[in-house]
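Here's the letter readout for the chains.
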Amino acid sequence: SQQGEEDPQALSIQEGENATMNCSYKTSINNLQWYRQNSGRGLVHLILIRSNEREKHSGRLRVTLDTSKKSSSLLITASRAADTASYFCATDDFNKFYFGSGTKLNVKP
Amino acid sequence: GAVVSQHPSWVICKSGTSVKIECRSLDFQATTMFWYRQFPKQSLMLMATSNEGSKATYEQGVEKDKFLINHASLTLSTLTVTSAHPEDSSFYICSARDLRDQETQYFGPGTRLLVL
């Protein structure tokens, strides 16, 4: 990818379990955002975390940001089958907006 | 909420023809729009950054003569795939940055291009 790698590339879990995805990036950023994409569809914005923030919550989502390591993680708690999708991190320096390589999450009912 | 539209949503064309894709911000003004392409099972790759009234900035490896970008107004940017070939078949997505809020950008639903 243009900005960084996400791991794992694919993750398969049972409904009710937690899912953690990690994102590493290369350059300085103003904020980092997470998106989900269902197969062949458009993007859905999940959460934004600014460079001066370390952790943010939104419903079942928890995002952390470590600018010293240039990494972020997305935790989805109590996963549901409907969470099955691809998840992408994206970095914003107010000039360019790059996406990570993505994690494909499969939540089995 | 703010909406970005893309037209057409899908297009099939013959090899050698040119295809124009429109990206419109419907209820806000956007000084900056981004164009991405996405191959199956891959991430979104930024192709170019389009600024209203100036030339687009292309990412390394993206041919500017192949992918013509015009950002004529604060609500419209167009991407023209010139002399399309089968390898140009892809999902093209635009996004628009809200003039009033630099942190916020909105993504279009995408245009699926199939070149035969």
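Above: the structure in question.
None of the values given here were measured: they were computed from a predicted structure. (Residues numbered from 1 in each chain as written. Chains lettered and ligands numbered in written order. Predicted model: local features only at pLDDT ≥ 70, side-chain atom pairs only at ≥ 80, totals over all residues. Heavy atoms only, no water.)

*Asks:* In this structure, what is going on with the sheet that holds strand 1 (residues 6–7) of chain A? I would like to understand it.
*Replies:* Residue and element names in this part refer to chain A. Here five strands make up an open sheet; going across it, the order is 1-3-8-7-6 and the pairing antiparallel. Looking at strand neighbours, the two that pair on one side only are strand 1 and strand 6 (55–58), the edges of this open sheet. As judged from the four bridges shared by strand 6 and strand 7 (residues 61–66), these two strands associate in the antiparallel manner. Residue pairing across strands places Lys56 opposite Val63, the latter belonging to strand 7. (Pairing = 2+ DSSP bridges. Helix = DSSP H or I, 4+ residues; strand = E, 2+ residues; numbered from the N terminus.)

*Asks:* How do you make sense of the pattern of salt bridges when you look at a structure like this?
*Replies:* Opposite charge on two side chains lets them pair, provided their charged atoms get close. Counting across every chain of the model gives 10 salt bridges over all chains. Measuring nitrogen to oxygen at the nearest pair gives 3.5 Å for the salt bridge that ties B:Arg24 to B:Glu22. Each of A:Arg50, A:Glu53, A:Lys56 and B:Glu103 takes part in one network of salt bridges that share partners. (Salt bridge = Lys/Arg side-chain N within 4 Å of Asp/Glu carboxyl O.)

*Asks:* How should the sheet that holds strand 1 (residues 4–7) of chain B be read in this particular structure?
*Replies:* Adjacent strands of a sheet pair through backbone hydrogen bonds, lying either parallel or antiparallel. Residues and elements named next belong to chain B. Sheet architecture is open: four strands sit in the order 1-3-8-7, paired in antiparallel fashion. Of all the strands in the sheet, just strand 1 and strand 7 (67–73) have a single pairing partner and so form its edges. Strand-to-strand twist in this sheet, taken as the mean axis angle between neighbours without regard to direction, amounts to 15 degrees. In terms of strand pairing, strand 1 meets strand 3 (residues 19–25) through four bridges, oriented antiparallel. Opposite Val4, over in strand 3, you have Ser25 as the bridge partner. (Axes fitted to C-alpha atoms, helices over the stretch in contact; angles between N-to-C directions.)

*Asks:* How do you make sense of the packing of aromatic side chains when you look at a structure like this?
*Replies:* Geometrically, a pair of aromatic rings is defined through the distance of the ring centres and the angle of the planes. Residues and elements named next belong to chain B. As enumerated under the stated definition, the model contains 13 aromatic pairs over all chains in all. Here the aromatic rings of Phe28 and Tyr106 are separated by 5.1 Å at their centres, their planes lie at 55 degrees, and the arrangement is tilted. Taken as a pair, Phe28 in the loop between strand 3 and strand 4 (30–38) and Tyr106 in strand 10 (residues 105–107) lie far apart in primary sequence, 78 residues in all. Judged by relative accessible area, Phe28 falls into the buried class, the value being 4%. On the basis of an interplanar angle of 45 degrees and a centroid distance of 6.4 Å, the ring pair of Phe67 and Tyr92 is categorised as tilted. (Phe/Tyr/Trp six-rings, centres within 6.5 Å; stacked < 30°, edge-to-face > 60°. Buried < 20%, exposed > 50% of the residue type's maximum accessible area, 1.4 Å probe, protein only.)

*Asks:* Looking at this structure, I do not really get the environment of B:Ser54. What am I missing?
*Replies:* Residue and element names in this part refer to chain B. Its place among the elements puts Ser54 in the loop between strand 5 (44–51) and strand 6 (57–58). Residue classification places Ser54 among the partly exposed residues on the basis of a relative accessible area of 43%. With 17 residues separating them in the primary sequence, Ser54 and His71 have C-alpha atoms 7.5 Å apart.

*Asks:* Is there a simple way to explain the environment of A:Gln9 in this structure?
*Replies:* All names here are of chain A. Its place among the elements puts Gln9 in the loop between strand 1 and strand 2 (10–14). Residues Gln9 and Thr103, 94 residues apart in the sequence, show an inter-C-alpha distance of 4.6 Å. Excluding residues within four positions of it along the chain, Gln9 makes contact with Gly102, Thr103 and Lys104. (Contact = heavy atoms within 4.5 Å.)

*Asks:* Mind showing me how you'd approach the side chain of B:Ser25 here?
*Replies:* All names here are of chain B. With respect to the element layout, Ser25 can be found in strand 3. Given the relative accessible area of 4%, Ser25 is considered buried. Here Phe28 takes part through its backbone oxygen, which lies 2.8 Å from a polar atom of the side chain of Ser25. (Polar contact = N/O pair within 3.5 Å; in protein donor to acceptor, adjacent residues only side chain to side chain.)

*Asks:* Sorry, what's going on with the pairing of strand 3 (residues 19–24) of chain A here?
*Replies:* Regular strands show a simple pattern: their side chains alternate between the two faces of the sheet. All names here are of chain A. Covered by surrounding structure in strand 3 are Ala19, Met21 and Cys23 only, the residues Thr20, Asn22 and Ser24 on the alternate face being uncovered. Of the strand pairs in this sheet, strand 1 and strand 3 are connected by two bridges, and their pairing is antiparallel. In the sheet register, Asp7 faces strand 3, and the bridge partner there is Asn22. Here six bridges tie strand 3 to strand 8 (residues 71–76), and the two strands are oriented antiparallel to one another. Of the residues in strand 8, the one forming a bridge with Ser24 is Ser71.

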